[in-house]
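# Descriptive analysis of the structure
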Amino acid sequence: MSVFKKLHRYRLSIIVLTLWLIAVLLLSDGSATSHTNAISSIVKIHKEKALKKTSKTYVTENVDQTVLENGLIVLTKEVHSAPVVSVQVWYEVGSRNEQAGVNGIAHQLEHMMFKGTKDRPVQFGRLFSALGSDSNAFTSYDQTAYYGTAERNKLNALLMLEADRMENSLIDAEKLASEKRVVISELQGYENSPEYRLNRAVLQKVFPEHPYGLPVGGTKADVEKFQVKQVQEYYRKFYRPDNAVLVIVGDFDTAKTLKVVKDVFGKIQKSQESSVNSTDAINRVCTRVKCQEAIVNSQKASHSPIVLREPGANALLQAIYPLPDANHPDIPALDVMDYILTEGRNSRLDQALVESGMATDVTGSIVSLREAGWYELSVTATPGEDLKKIDAVMQKAIATLASQQAKVEEVNRAKAQLEAAVVLNNRDITSQAMQLGNDQTTAGDYHYTDHYLAAVRRVTATDVQRVANKYLKPKVRSFGIFEPTQIQASQKSDGKSHSTLINENFSDNTSKVATEVMKYLPPVDLTTHPTNLTLPEQFKLSNGIEVLLLPDNSTPTVTLSGYIKAGNEFDPEDKVGLASLVAENLMNGTKTRDVLTIAKTLDERGASLDFESYREGTEIQGSALAGDLPVVLHIVADVVKNPTFPGKELELTRQQALTDLKEELDDPTEVAKRTFVQSVYPKTHPLHKFATPKSLQRIRRQDLIAFKTQHYRPDTTVLTLVGDFDPNNVRSLIEAEFGNWKVSGQAPKIEYPVVPIPNNIVRLNPVLPGKTQAVTYMGNTGINRKDQRYYAALVLNHILGGDTLSSRLGAEIRDRQGLTYGIYSTFQVGQNIGIFLIEMQTAPEDTTRAINSTRRLLEEIHQQGVTSDELETAKRTLISNYNVSLANPDELSYKILMNKVYGLDKKELHSFVNQIASVTLEQVNQAGRELLHPDKIVVVTAGPTVVADSH
């Protein structure tokens, strides 16, 4: 239930790009590496095929709109590529409908909508979990949305639950008091981020008289004052069918489903008020004219920068320019402008600031909302660089774009990226439904994206220059800088063994949750059906590279996942961070093309390709339109076989790594994770190692070359492809690109020593100045992927803390006691022994109580086990969740990949369901006795000083 972060993924102008496109790099058409005539032919055929498909109205194809008599707008889109449906309800209310004093009430109400209804007085998260639905919610500026994606036979149940809480939600004093603490915990997490605090301050200056200047989630001061009557009134005013949009996408029959919709939603009465947009104490909105006046008035303030001098890691700069609303005809040209300035290695600001070494990161974002918008530029400075100088360089680049027309190739590249993003980011049905819901509630038209793309195609260099001149004027800009004060973090440990459990007012009915859930679940066929998904084709080249292919022509896209046995475990003791630097530098130049040539060609196709090193291996993630698959494969082959690791690019990457490290050491989550891992694994263990400034500085170019030569090998490489392709053609491509990758000698191996669990409780408290929320990691060593207890451990974990809203930990620590915004547990497995951990975020004054209650729950399951009702509910949920995940090409491709990496049969894709279904109560309880040890764990809490002093 994050606030506006979730919606940002679906904001109108970027169309989900910010979360899905990573660093884009591809090959130029004038490649020095020759292709066979056959490969060229395949490129042409696939490109023509993709262009035909993407020329359609991709988002709204097959969409039907129905408006019920009570005003509810229903959008339906049949997609029969997988037996899955997504049900979403979007309410046209958000922080836009607030004012100071009641800031955050929309977000608070979103939380309350999970607390149960008159007929179902149970946490709705548990009901959704029992259905195996991937469900959550978010609040944004213009809307609040609730979404759930589940197997198709759960469709009617999802509709009934959403209709129930639209009309009958319980909002009482006790529940509100508990959930206010949860919301405050969430807000404290945001406040831990310097970027969030700076952005909040600058936006408040841009919109001093408009709700867009208020933080979406609210403020602690306002949340603490919310009264039950206020929240109830807000619920009655805005949660109505005539102020909502119901979106259904997936494998269903429209006619039959509309009958159900009319039955369950049609009986809900619309509001008797004349308009939702009346002005009162809790509904602060404005007309379009007034909104623009508010923006103009805000510019009368001083143009001196907002300066925050607070504890933090890196110096930051943010500049914001006010823009018109989402429906303004200039928005497409503004997006193209933004891409020319900030997207990719060839963008103007990246060249001026990052490639020059002045900054380690620069991002741009066009935010297009219902009543107004803004252009936001954010820069992370390289340590020691002058923010004023960075700002001057940034303004010069903007002025140049405003005074001189952009190159045609720049404009075309940006347009290609924007168009490809729509297709690539709507591959799964949840995203397709999100796009429709966002378009309808923000722009008032579910056709918005189609019209937007048509307008993008018409954008010219003249248009880009015009909007840069019109909107990026220095006099209308608001900006702020963050200057970190350097205060050394400290770490405290009492060195004592806490073997006793402190008694809390602990709920005695957590084990009865499953029974209660079944009582209130809508009628549904809970029988789980094995997926009929085709198994991937598999082949192996003579040099040892293994490939798995799964054709799927439901979208004109391809998803690539890869793995090379070249992870952080191989880092030398004095050069930790080497594996990561190698992975990050692979695309910085090869024997035949430099970094900008690679980046340019990928950008021109809107494709993504990324290499990232993890503990046991380096993973490859990529996506592209189907016609560009040969190009992506060529790039992958070139960069893993022929990287040159140019010195200039290495130094830039090293500096970025050092900057990122500073930021991590200022982040309670990262500090808690690092401290936890280093406390679980002894110094002699390969996974104890973490990069430090000294270790990163020791690494030389020859170290990268040696590491790549030793560890990047075809016989330790696995590639997986899922998407719209012909397997025979792809096999020919892979043989042509990777067949000459040579292998010599034996692949390096590393021995993992046996790590026992602690003898007692180890408690550590890294103290980070300036933080408002504490993050706790607790746990011990666990199991590997091939452990015979793996499936039982998954079931056990789901019951314990697999889902914040439906697990025992969530029911007790979050729901009943209100001590955390989020708490979950997991068994992190790999080829070697992993860890069992619990993570939670708390207010510093609540940390000790939350830890004690968590240990009490561990003790309860360790000694008493779980119930048969919990077992059956968890198994059904895990199976349903698994089947839903297979409908997402990213998740499907990754599952196929890791099954192969772990040495599992390709049939595991299907047999996983049977493995979970066959888990017994005895096996789960035995796993609880063997794997959960409340008195033998590491507990690390990173955050404010008060946390370390609280015990």
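These figures come from a predicted structure and were not determined experimentally.

Another aspect to go through is the overall build of the protein. On a plain count of helices and strands, the protein comes out with 36 helices and 23 strands. Out of the 951 residues in the protein, the part that is buried amounts to 63%. Once local pairs closer than 6 in sequence are excluded, the contacts in the protein between residues at least 24 apart make up 85%. As displayed, the protein has an accessible area near 35,000 Å², and 49% of this comes from carbon and sulfur atoms.

Soluble globular proteins: nonpolar side chains tend toward being buried together. In this structure, Val336, Met337, Tyr375 and Met394 are the most contacted members of the largest nonpolar core, which totals 71 residues. Considering each element in turn, this core owes the most residues, 8 residues, to helix H13 (residues 331-342). With residues near it in sequence (within four places) discarded, Tyr375 still touches Ala319, Ile320, Tyr321, Leu323, Met337, Asp338, Leu341, Thr342, Gly364, Ser365, Ile366 and Leu472. Counting 59 residues, the second-largest nonpolar core is a separate cluster that includes Val74, Ala130, Ala244 and Leu258.

Counted according to the given criterion, the structure contains 48 salt bridges. Put simply, Arg165 and Glu162 hold a salt bridge, and the shortest N to O gap is 2.9 Å. Taken together, the residues Arg165 and Glu162, both in helix H6 (residues 155-168) and 3 residues apart, mark about one turn of the helix. A residue is classified by how much of its surface remains accessible, and Arg165, at 1% relative accessible area, is buried. For the salt bridge of Arg814 with Asp815, the shortest nitrogen-to-oxygen distance reads 3.4 Å. Considered together, Arg814 and Asp815 belong to a single accessibility category, that of buried residues. One connected set of salt bridges, linked through shared partners, spans Lys115, Arg126, Glu179, Arg814 and Asp815.

This part takes up the packing of aromatic side chains. This structure, assessed with the given rule, holds 23 aromatic pairs. With centroids separated by 4.1 Å and ring planes inclined at 25°, the aromatic side chains of Tyr91 and Tyr239 adopt a geometry described as stacked. You can see Tyr91 sitting in strand S3 (residues 84-91) and its partner Tyr239 sitting in the loop between helix H10 (228-238) and strand S6 (244-250), a full 148 residues away along the chain. Taking relative accessible area as the criterion, Tyr91 reaches 0% and is therefore assigned buried. Among the aromatic residues, those joined into a ring-pair cluster are Tyr91, Phe114, Tyr146, Tyr235 and Tyr239. The ring of Phe479 is capped by Arg477, whose NZ or CZ atom sits 4.0 Å from the centre of that ring. The side chain of Arg731 reaches across the aromatic face of Phe539, ending 4.3 Å from its centre.

A few words on a negative patch on the surface. Taken together, the side chains of Asp361, Glu584, Glu612, Asp660, Glu663 and Glu664 make up a negatively charged region of the molecular surface. At 3 residues, helix H24 (residues 647-664) tops the list of elements feeding residues into the negative patch. The topology assignment puts Glu663 in helix H24.

Turning our attention to the side chain of Arg605. The topology assignment puts Arg605 in helix H22 (residues 595-605). From its side chain, Arg605 meets the backbone oxygen of Thr601 in a polar contact 3.1 Å long.

Okay, the sheet that holds strand S7 (residues 306-311) next. An order of S7-S11-S8-S10-S9 is seen for the 5 strands of this open sheet, with the pairing classed as mixed. Strands at the two margins of the open sheet, each flanked by one partner only, are S7 and strand S9 (359-368). Direction aside, neighbouring strands of the sheet carry axes that sit 15° apart on average. Sheet analysis places S7 next to strand S11 (residues 478-485), joined by 6 bridges and oriented parallel. Bridging across to S11, Val307 finds its partner in Ile481. Packing of helix H8 (residues 194-206) onto the sheet brings it into contact with S7, strand S8 (316-323), strand S10 (373-381) and S11, and relative to S8 it is tilted by some 35°.

What follows covers the confidence of the model for the protein. The share of residues in the protein with pLDDT of 70 or more is 86%, and the mean pLDDT across the chain is 88. In this model residues 274-287 is a low-confidence stretch, pLDDT under 50, and it forms 35 contacts with partners more than four residues away in sequence or in other chains. Residue range residues 946-951 is modelled with pLDDT below 50. Its contacts to residues more than four positions away, or to other chains, number 16 contacts.

Moving on: the sheet that holds strand S2 (residues 73-78). The pairing of strands in a sheet comes from backbone hydrogen bonds and takes either a parallel or an antiparallel form. Strand order in this open sheet of 6 strands is S1-S2-S6-S3-S5-S4, and the pairing throughout is mixed. One side of each edge strand has no neighbouring strand; the edge strands of this open sheet are strand S1 (63-67) and strand S4 (134-139). Mean inter-strand twist for the sheet, computed between neighbouring axes without regard to direction, equals 15°. Here S4 pairs with strand S5 (residues 144-151) via 6 bridges, running antiparallel. From the neighbouring strand, Ser135 faces S5, where its bridge partner is Gly148. Sitting on the sheet, helix H11 (residues 254-264) is in contact with S1, S2 and S6, with an inclination near 155° to S2. Contacts between helix H17 (residues 429-443) and the sheet are confined to S1, S2, S3, S4, S5 and S6, with S3 contributing the most and set at about 20° to the helix.

Moving on to the packing of helix H16 (residues 408-424) against H22. To describe two helices that pack against each other, one gives the angle between their axes and the distance between the axes. H22 packs onto H16 with a crossing angle of 55° between their chain directions and a minimal axis gap of 6 Å. Here H16 is positioned oblique relative to H22, judged by the angle of their axes. Counted together, Glu409, Arg413, Ala416, Gln417 and Ala420 of H16 and Lys600, Asp603, Glu604 and Arg605 of H22 form the full contact between these two elements.

Across the 8 residues that make up helix H4 (residues 105-112), a large majority, 8, are buried. Inspection of H4 places Ile105, Ala106, His107, Gln108, Leu109, Glu110, His111 and Met112 among the buried residues, and these make up the whole buried set.

Most of S8 sits out of view: 8 of its 8 residues are buried. Here S8 shows a buried face lined by Leu316, Gln318, Ile320 and Pro322 and a second buried face lined by Leu317, Ala319, Tyr321 and Leu323. In this sheet, S10 lies alongside S8 in antiparallel orientation, the contact comprising 8 bridges. The partner of Ala319 across the bridge, within S10, is Leu377. Sheet analysis places S8 next to S11, joined by 5 bridges and oriented antiparallel. Note on S11: the bridge partner recorded for Gln318 is Gly480.

This brings us to the side chain of Gln817. Tracing the backbone shows Gln817 in the loop between helix H30 (808-816) and strand S21 (820-828). Here the side chain of Gln817 touches Glu812 through a polar contact of 2.7 Å, side chain to side chain. Of note is the side chain of Gln817, whose polar atom sits 2.9 Å from the side chain of Arg849.

All right, on to the environment of Ser561 then. With respect to the helices and strands, the residue Ser561 is situated in strand S15 (residues 557-564). Each C-alpha atom, one on Ser561 and one on Val722, is 8.6 Å from the other, the two residues being 161 residues apart in sequence. Apart from residues lying up to four places away in sequence, Ser561 is in contact with Ile620, Gln621, Val718, Leu719, Thr720, Ser893, Tyr894 and Leu897.

The contact between H4 and H10 brings their axes to 10 Å, and the two run at 85°. Taken together, the axis directions place H4 and H10 in an arrangement best described as roughly perpendicular. Residues Ile105, Ala106, Leu109 and Met112 of H4 pack against Gln230, Val231, Tyr234 and Tyr235 of H10. The class makeup of the residues in the contact of H4 with H10 is 7 nonpolar, 1 polar and no charged.

We now examine unusual backbone geometry. Of note in this structure, Asn62 is not a glycine but carries a positive phi near 70°. As for its position among the elements, Asn62 is in the loop between helix H3 (37-54) and S1. The class of Asn62 is exposed, set by a relative accessible area of 53%. Positive phi values are uncommon outside glycine, yet Phe645 reaches one of about 50°. Secondary-structure assignment places Phe645 in the loop between helix H23 (629-641) and H24.

Below, the discussion takes up H11. Buried within H11 we find Thr254, Thr257, Leu258, Val261 and Val264. End-on view of H11: buried residues confined to an arc of 135°, all on one side of the axis. Projecting away from the buried face of H11 at angles above 90 degrees are the exposed residues Lys256, Lys259 and Asp263. Tucked into the core, H11 has its buried residues touching S1, S2, H6 and S6. Where H11 begins, one side-chain oxygen reaches toward the backbone nitrogen of Ala255, 3.3 Å away; that side chain belongs to Asp253.

Reading the values: the criteria
- Residues numbered from 1 in each chain as written.
- Predicted model: local features only at pLDDT ≥ 70, side-chain atom pairs only at ≥ 80, totals over all residues.
- Heavy atoms only, no water.
- Helix = DSSP H or I, 4+ residues; strand = E, 2+ residues; numbered from the N terminus.
- Buried < 20%, exposed > 50% of the residue type's maximum accessible area, 1.4 Å probe, protein only.
- Contact = heavy atoms within 4.5 Å.
- Areas by Shrake-Rupley, 256 points an atom, 1.4 Å probe, with all protein chains shown as cover.
- Core = buried A, V, L, I, M, F, W, Y, C linked by side-chain atoms within 4.5 Å.
- Salt bridge = Lys/Arg side-chain N within 4 Å of Asp/Glu carboxyl O.
- Phe/Tyr/Trp six-rings, centres within 6.5 Å; stacked < 30°, edge-to-face > 60°.
- Lys NZ or Arg CZ within 6 Å of the ring centre and 35° of its normal.
- Patch = residues over 30% accessible without salt bridge, like charges linked within 9 Å, V, L, I, M, F, W, Y side chains within 5 Å.
- Lys, Arg positive; Asp, Glu negative; His and termini not counted.
- Charge placed at Lys NZ, Arg CZ, Asp CG, Glu CD.
- Polar contact = N/O pair within 3.5 Å; in protein donor to acceptor, adjacent residues only side chain to side chain.
- Pairing = 2+ DSSP bridges.
- Axes fitted to C-alpha atoms, helices over the stretch in contact; angles between N-to-C directions.
- pLDDT = per-residue confidence, 0-100.
- Parallel < 35°, antiparallel > 145°, perpendicular 65-115°, else oblique.
- Nonpolar A, V, L, I, M, F, W, Y, C, P; charged D, E, K, R; others polar.
- Arc of directions from axis to C-beta.

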